[in-house]
Amino acid sequence: YQLEVLSNGPPMVCRENAPLLHLLHDLTGTEESIGVSYATDAGVLQQLGLDCVVFGPGWIEVAHKPNEAISKKEFELAGKLLDRTIGVMCA
């Protein structure tokens, strides 16, 4: 048996009291966060001291597959949410 490590990204665990997490909960009207096993650069960014939250439009079942798509409405809603998030965090 031989194992070749191709990538070793650190896990990302968002702090419960992270302002970004609470803002996104407020803006989306959600109260719960879930953990997932996706690959992301967020763990590396978190090691630099940044709060990170992974979120976005669409459904993971179709992500990164042939014919991946999201509805125009989902895309527009995500853009508005990002605008509001930036407006609050950068004010």
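Preceding block: the structure.
Residues numbered from 1 in each chain as written. Predicted model: local features only at pLDDT ≥ 70, side-chain atom pairs only at ≥ 80, totals over all residues. Heavy atoms only, no water.

S.K.: How should I be thinking about helix α3 (residues 72–89) in this particular structure?
M.R.: Given 3.6 residues per turn, any residue in an α-helix points the same way as the ones three and four places further on. The end-to-end C-alpha separation of α3 is 26 Å, in line with the 26 Å expected for 18 residues at 1.5 Å each. A78, L81 and T85 are the residues of α3 that are buried. The arc enclosing the buried residues of α3, seen along the axis, measures out at 65 degrees, which places them on a common side. Facing away from the buried side of α3 by over 90 degrees, the exposed positions are K72, K73, F75, K80, D83 and I86. As for α3, its buried residues are in contact with α1 (19–28). (Helix = DSSP H or I, 4+ residues; strand = E, 2+ residues; numbered from the N terminus. Expected span 1.5 Å × (residues − 1). Buried < 20%, exposed > 50% of the residue type's maximum accessible area, 1.4 Å probe, protein only. Arc of directions from axis to C-beta. Contact = heavy atoms within 4.5 Å.)

S.K.: Got a minute to help me understand the nonpolar core in this structure?
M.R.: Inside soluble globular proteins, nonpolar side chains tend to come together where they are buried. Core analysis: the largest hydrophobic core is formed by five residues, namely L20, L23, L24, L27 and L81. The element best represented in this core is α1, accounting for four residues. L20 has contacts with D51, V53, T85 and M89, leaving out every residue within four places of it along the chain. (Core = buried A, V, L, I, M, F, W, Y, C linked by side-chain atoms within 4.5 Å.)

S.K.: Please clarify how the environment of E68 should be interpreted in this entry.
M.R.: Its location among the elements puts E68 in the loop between α2 (42–47) and α3. A relative accessible area of 44% means that E68 is categorised as partly exposed. In this view, E68 contacts V62 and A63; residues no more than four positions away in its chain are not counted. A polar atom in the side chain of E68 sits 3.0 Å from the backbone nitrogen of H64. (Polar contact = N/O pair within 3.5 Å; in protein donor to acceptor, adjacent residues only side chain to side chain.)

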